[in-house]
Amino acid sequence: MKSEILSRADLVKDTLLPELRNRSLGKPVQVVSDFDETQCSTYVFSRRWNTHVPKIKTDLSQEAKRLAHPMCIATARGSLEATSWVAWNRLSRAPMPLVTENGAVLIWPSTKVTERPTMEILATDEQVQAMSGIQKELQAGQIHDLRVPANHEVVLRSERTATVEVRAQEAQSKKGTPDDYGVIIDQLEKMFADRLPLIEIVSSGSSLGIQPRGMNKELGIQAALTRAGVDLADVFLVGIGDNKNDTPLFDLVKRRGGLTIGVRPETEGLTDFVFNGGDEATLQILKIINSL
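### Topic: the sheet that holds strand E8 (residues 152-156)
If you walk across this open sheet you meet the four strands as E8-E9-E11-E10, and the pairing is antiparallel. Of all the strands in the sheet, just E8 and strand E10 (199-203) have a single pairing partner and so form its edges. Across this sheet, the average inter-strand angle for adjacent strands is 20 degrees, counted without regard to direction. Bridge count between strand E9 (residues 164-170) and strand E11 (residues 208-212): three bridges; the pairing is antiparallel. Across the sheet, residue Val164 finds its bridge partner in E11, namely Ile210. Across the sheet, helix H4 (residues 125-139) lies against E8, E9, E10 and E11, angled at about 145 degrees from E11, the strand it touches most. Lying over the sheet, helix H5 (residues 181-191) contacts E8, E9, E10 and E11, oriented at roughly 35 degrees with respect to E11.

### Digging into empty space enclosed by the protein
Taken as a whole and judged by the stated rule, the model has two cavities of 30 Å³ or more. For the largest cavity, the calculated volume is near 50 Å³. If you trace the largest cavity, you find it lined by Phe45, Asn50, His52, Val155, Leu156, Arg157, Arg167 and Gln169. Those elements that provide at least two residues to the lining of the largest cavity are E8 and E9.

### Details of the side chain of Thr75
Within the secondary structure layout, Thr75 lies in the loop between strand E4 (72-74) and helix H3 (82-91). Judged by relative accessible area, Thr75 falls into the buried class, the value being 3%. A polar contact is formed between the side chain of Thr75 and the backbone nitrogen of Arg77, at a distance of 3.0 Å. Apart from residues no more than four positions distant in its own chain, Thr75 is found in contact with Phe35, Asp36, Leu98, Val99, Thr100, Glu101, Asn102 and Lys217.

### Quick word on the nonpolar core
Counting residues in each nonpolar core, the largest one holds 39 residues, and the members touching the most others are Leu20, Val31, Val238, Leu286 and Ile289. Counting only elements with at least two residues in this core, the list comes to helix H1 (8-24), strand E1 (29-34), helix H2 (58-66), H3, strand E6 (105-108), strand E12 (236-241), strand E13 (259-262) and helix H8 (279-291). Element by element, the count of residues in this core is highest for H8, at six residues. Aside from chain neighbours lying at most four places away, what touches Leu20 is Phe236, Val238, Leu259, Ile288, Ile289 and Leu292.

### Notes on unusual backbone geometry
Most peptide bonds are trans, and most residues other than glycine sit at a negative phi. The amide bond that connects Ala94 to the next residue, Pro95, takes the cis arrangement and shows omega of 10 degrees. Locating Pro95 in the fold gives a position in the loop between H3 and strand E5 (98-100). Here Asn102, not a glycine, exhibits a phi torsion of approximately 60 degrees, which is positive. Within the secondary structure, Asn102 is located in the loop between E5 and E6.

### Side note on the environment of Val274
Its place among the elements puts Val274 in strand E14 (residues 273-274). Given a relative accessible area of 1%, Val274 falls into the buried group.

### Comments concerning the packing of helix H6 (residues 217-227) against helix H7 (residues 247-255)
Remark: H6 packs on H7, axes separated minimally by 7 Å, with the N-to-C direction vectors making an angle of 55 degrees. Here H7 runs oblique to H6, going by the angle between their axes. Counted together, Lys217, Glu218, Ile221 and Gln222 of H6 and Pro248, Leu249, Leu252 and Arg255 of H7 form the full contact between these two elements. Along the lines of polarity and charge, the residues of the contact of H6 with H7 split into four nonpolar, one polar and three charged.

### Structural notes on H8
An α-helical segment advances 3.6 residues per turn. Residues three or four places apart therefore align on the same side. An ideal rise of 1.5 Å per residue puts 18 Å on 13 residues; H8 measures up with 18 Å between its terminal C-alpha atoms. Of all 13 residues that make up H8, ten are buried, and the element is covered over most of its length. For H8, the set of buried residues is Asp279, Ala281, Thr282, Leu283, Gln284, Ile285, Leu286, Ile288, Ile289 and Asn290.

### Comments concerning the pattern of salt bridges
With the rule as written, the count across this model stands at 16 salt bridges. A salt bridge links Glu165 to Arg160; the nearest nitrogen and oxygen atoms lie 2.7 Å apart. Here the two residues Glu165 and Arg160 agree in accessibility, since each one is buried. Between Arg255 and Glu218 there is a salt bridge, and its shortest N-O distance comes to 1.8 Å. Residue Arg255 is found in helix H7, and its partner Glu218 is found in helix H6; the two are separated by 37 residues along the sequence. The network of salt bridges with shared partners includes Asp36, Arg77, Glu81, Arg160 and Glu165.

Calculation criteria
Each residue is numbered by its place in its chain's sequence as written, counting from 1. With the structure being a predicted model, the display of local features is reserved for residues of pLDDT at least 70 and the display and counting of side-chain atom pairs for 80 or more, all residues being used for whole-chain, interface and lining totals. With hydrogens and water stripped out, all remaining heavy atoms of the structure feed into the side-chain values. Strand pairing is defined by DSSP finding a minimum of two bridges between the two strands. Per the convention used, a helix needs a DSSP run of H or I reaching at least four residues, while a strand needs a run of E reaching at least two, with both numbered from the N terminus. Working convention: axes come from line fits to C-alpha atoms, limited for helices to the stretch in contact. Angles between N-to-C directions cover 0 to 180 degrees. We call two residues contacting when some pair of their heavy atoms lies within 4.5 Å. Cavities and pockets are found on a 1 Å grid laid over the protein atoms alone: a cavity is a set of points where a 1.4 Å probe fits but cannot escape, a pocket is an open set with protein on both sides within 12 Å along at least five of seven lines, and a lining residue has an atom within 4 Å of such a point. Grid points are joined across faces, edges and corners, and a volume is the space filled by probe spheres set on the points. Exposure classes here rest on a 1.4 Å probe applied to the protein chains alone. A residue is buried below 20% of its type maximum, exposed above 50%, and partly exposed in between. Whenever two N or O atoms come within 3.5 Å, that pair is a polar contact, provided that in protein one can donate a hydrogen and the other can accept it, and provided that, for residues adjacent in sequence, both atoms are side-chain atoms. For this analysis, a nonpolar core means a set of buried residues of the types Ala, Val, Leu, Ile, Met, Phe, Trp, Tyr and Cys, connected via side-chain atoms within 4.5 Å. For classification purposes, an angle smaller than 35 degrees is called roughly parallel, one larger than 145 roughly antiparallel, one from 65 to 115 roughly perpendicular, and anything else oblique. In this classification, the charged set is Asp, Glu, Lys and Arg, the nonpolar set is Ala, Val, Leu, Ile, Met, Phe, Trp, Tyr, Cys and Pro, and all remaining amino acids, among them Gly, are polar. Between the first and last residue of a helix there are one fewer steps than residues, each counted as 1.5 Å, and that sum is the expected span. The term salt bridge refers to a side-chain nitrogen of Lys or Arg lying within 4 Å of a carboxyl oxygen of Asp or Glu.

Written out as structure tokens, the structure is:
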């Protein structure tokens, strides 16, 4: 199906509802979704957590909780980040795990943000050891060897289990500078050339992830659905994302005959429909699904 950029009214009234009714054939909808810029579009930088904390809309959270099947969310955020706990508690529920670190780790958060979640690492032991070594080397000072424009900085994320994440940003405002990532990727590939067979470096737009080669959101989502007891033959998949790095998620949904929806223009050509609205678009999508 050719992608179309639609207004919100077109998407709600003329397109999505009849499309879902015609294609789902009465099956319950299983939503699989990206998190950042899809389920939330507003952030506040927390110096305590040293990250941009998502502000999830109350009505979006309510619609997510109303879904017949718990939403399966795949994020690049770390398995031990407090923001991962927030995302799962506001948007999903047991038995569905949260897919973290771009598919490398599944977590089942506890009731308290301060408690360590139950987790399952999908990467191999060799890959995890490679990631641990890279993290330690960057922490020891190699992060400062990465060259970025004046007044920009590269920060190393912590609270990760099987991947490494760096973020380029303005030193004062902490606003992300994704245009720096092309140069940073080249530097990292040279810095860790001996480990390239085990790793790959992927930009999510807001951050840069060094992750186990072969790990991606598609594999993480498939594992999460299996662990939650979801039989793909019994549900109709709807995939939601905002950027090109969500392509593995979209590909999985398409192969299973589901519907893919982009909520930013960057997904044009990748999804069945594109609606430029970020979390506002996602809110409307969830309302439609709940009205079936």
